[in-house]
Amino acid sequence: MGELKHFLHEHKLILNEAEPVVCKDVECDMCRQPINKLIDAFYSCNISLIDDSSSSNCAGFFLHKTCSELPSTFTHPMFPQHPLSLLSRPYKKNYYYKCYACVGVSQGFMYVSNSEKVCLKCVKSELRSLEGRTHDHPGHNHPLTLVQRPALFLCDACNTTATDLSYICNKCCFWIHKSCADAPITYQCKFHKEHTLILDYSLPQEYREFFWLCGICSKFINHSYWVYYCANCRFFAHVKCASLPEMLSDDDSGESNLMHFPAHDEASLHKMMQQCIMKATDDALLHNSATTAEPSSYIKHWAHKHQLTLRNKNSKTLTLDLNHKLEDTELLICDGCAKPISLVDEIFYECKSCNFFLHRSCALFPEKMEHHLAGNQVDDISLVREFNELGFILCQSCHILGNGIFLSINKTTLFDIGCASLPRIIKHEGHRHPLNQLKYPDDDFCKACLFEYALRKEKIMYGCEKCGFYIHVWCALRPHMMKHRWDPHPLYLILFVKNVADHPHDFDCEFCSENIDPTTWFYHCNTCDLSFHIHCIDPYYLFSNMKLGATNICCDSHPHPHGLTLVLNKKKRRCSTCGEDATGVPVLECSPCKYVVHIHKCVK
């Protein structure tokens, strides 16, 4: 039994935990209410229990346990300016007083000030209410007190402002919405049905190496605020976002008319780019009938010295030379966009004697056009190889080297024909809003690959200024599916790591052997568990807009007895001139002699 020394009595009191002792009814000496010995916990004087004939001060002294725990002073919310004190001794038994709080009458002890009196029943009720307003929350080190009046403030749990009931810490400046305090530890989110989400009161340490985005609103997850997450899928969500009734969206009127990315595969991407070029051609020529009428069988194009002949899948005389007839499976490369020409379904122009080919859309592309980033007409349009057979230019949109048709804007910005034709607005699966073509920000980075714009030389990118979401043009053009010789299965573009379910371990790039930041886009094969950085899937992407294969090239600065061929060297070889590694770059090659020379540093 517990013992208590209470200021109301001279002897120690002992606790009786509702013992079924048969005795006469008794009442509490503090509140003057009956004590049910079968239910109530109460204190009594030990001497009085041993000897009923003891002094009158001890015989029959009883206290409810709840009454014994009442404080000596109390501030009632009805009288905040007048602290109340527990009256040290009871009034006479026949004296009743009026409670200023409940306007009832009571007998026995009370809380009083100079002018107010409050009964013990009201004080007990208020204390129980205070206990309900105090919360020992695992998300904070100190007890929190409920503020029952709605307030507008910045919540330390969800980092949002909303008018709500709240909990506040009286020891520090911690203040959270009541709805956040009531958030369940585990939550079945409708936006991630694979697994139950777990609530954490800051981003777990093991995930702080990367900058995670909310899987619902696509905004950054701040390390300091509460977060719901799934460790298996590395799915993260803001506390407020997880409970949204539906995915955030804006008015999508007109989005169906936008070009949607990513394309399914590289072949689909090439067709989409040709559609862009053709649309840019039509717009520039104001829908001239020449673009829609039956194409001319022969044209004289500004980029080539010979007449070009129209060819298509029905042409029976399509030849590169007199001894070589083209098969449907053979690959031709357009000299305008440096992309393949399909012999099955595309119309194009050719020069038999020069191996010169142009998609019909590239052939009709105007020499002068307007561009929305230029503000006026394009200064110049030219074929790079027209001036230098081995020349190439870095496109300031996609950051890829090319030797096809380029446009000059304001004499400083150079775009290849494909990037110059891209739509001003696109829709991409990687973001919920349409993306606009903008001039790149100086201090931001691509959300797809995390490369900073300031470290590269792009002049345009796609972005959503509302969300601060920006991506490189080249990243926007990555197809949904790609193949790689190291994997027999297709690899798929992972825009959100949550799409790779039940994969809690790290992703390592097979090409560079470095860890992949799972907040970036990357390619992955679920069957083989192989992954590649978005740039490592094709390590030669920098030269993907160069038309190679030119033969019989003679180099005066480096004479060689045989004609040289322009190729992309994918073997481990050294330059025959400077002796440095020539792997992965364009070179001039003489295959019989195993002769290789850099074209970017050793050929003038």
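1. Topic: the packing of aromatic side chains
Moving on, step 1. Enumeration according to the criterion identifies 17 aromatic pairs in this entry.
Moving on, step 2. For the ring pair Y187 and Y228, a centre distance of 5.6 Å and an interplane angle of 35° mean the geometry is tilted. Here Y228 lies in strand β19 (residues 227-230) and Y187 lies in strand β17 (residues 186-187), a separation of 41 residues in the sequence.
Moving on, step 3. In this structure Y187 comes out as partly exposed when scored by relative accessible area, which is 25%.
Moving on, step 4. Here Y228 falls in the buried class, since its relative accessible area comes to 2%.
Moving on, step 5. One aromatic cluster in this structure is built from Y207, F210, W212, Y229 and F236.
Moving on, step 6. One Lys or Arg, K498, reaches over the ring of F496 and ends 5.7 Å from the middle of that ring.

2. Side note on the sheet that holds strand β23 (residues 307-311)
Moving on, step 1. A sheet is described by the order of its strands in space; here four strands give the open sequence β22-β23-β28-β29, paired in antiparallel fashion. Taken across any chain shown, the strands that pair with only one partner, and hence form the sheet edges, are β22 (298-300) and β29 (356-359). Adjacent strand axes in the sheet meet at a mean angle of 30° when their direction is disregarded.

3. Focus: the sheet that holds strand β43 (residues 565-568)
Moving on, step 1. Here we have three strands laid out as an open sheet, ordered β43-β44-β45, and antiparallel in their pairing. Two strands bound the open sheet, and with one partner strand each, they are β43 and β45 (595-598). Taken pair by pair, the neighbouring strands of this sheet meet at an average axis angle of 40°, ignoring direction.
Moving on, step 2. Judged from the four bridges that link them, strand β44 (residues 586-590) and β45 form a sheet pairing that is antiparallel. Bridge pairing in β45 places C590 opposite Y595.

4. Structural notes on the pairing of strand β18 (residues 197-200)
Moving on, step 1. Side-chain alternation along β18 places L197 and L199 on a buried face and I198 and D200 on a face that remains uncovered.
Moving on, step 2. Here two bridges tie β17 to β18, and the two strands are oriented antiparallel to one another. Bridge pairing links T186 to I198 in β18.
Moving on, step 3. By the bridge criterion, three bridges tie β18 to β19 in an arrangement that is antiparallel.

5. A look at the side chain of N545
Moving on, step 1. Within the fold, N545 resides in the loop between β42 (530-533) and β43.
Moving on, step 2. Note on N545: relative accessible area 10%, which makes it buried.
Moving on, step 3. Within the structure, N545 has its side chain in polar contact with the side chain of D416 (distance 3.3 Å).
Moving on, step 4. What N545 contacts, discounting residues up to four positions off in sequence, is C337, A338, K339, C398, I400, L401, G402, N403 and D416.

6. Details of the confidence of the model for the protein
Moving on, step 1. The predicted model of the protein averages 80 in pLDDT, with 82% of residues at 70 or higher.
Moving on, step 2. In this model residues 287-292 is a low-confidence stretch, pLDDT under 50, and it forms eight contacts with partners more than four residues away in sequence or in other chains.
Moving on, step 3. Below a pLDDT of 50 lies the segment residues 317-324, which in the model reaches 18 contacts outside its immediate sequence neighbourhood of four places, other chains included.

Definitions and cut-offs
Residues numbered from 1 in each chain as written. Predicted model: local features only at pLDDT ≥ 70, side-chain atom pairs only at ≥ 80, totals over all residues. Heavy atoms only, no water. Phe/Tyr/Trp six-rings, centres within 6.5 Å; stacked < 30°, edge-to-face > 60°. Helix = DSSP H or I, 4+ residues; strand = E, 2+ residues; numbered from the N terminus. Buried < 20%, exposed > 50% of the residue type's maximum accessible area, 1.4 Å probe, protein only. Lys NZ or Arg CZ within 6 Å of the ring centre and 35° of its normal. Pairing = 2+ DSSP bridges. Axes fitted to C-alpha atoms, helices over the stretch in contact; angles between N-to-C directions. Polar contact = N/O pair within 3.5 Å; in protein donor to acceptor, adjacent residues only side chain to side chain. Contact = heavy atoms within 4.5 Å. pLDDT = per-residue confidence, 0-100.

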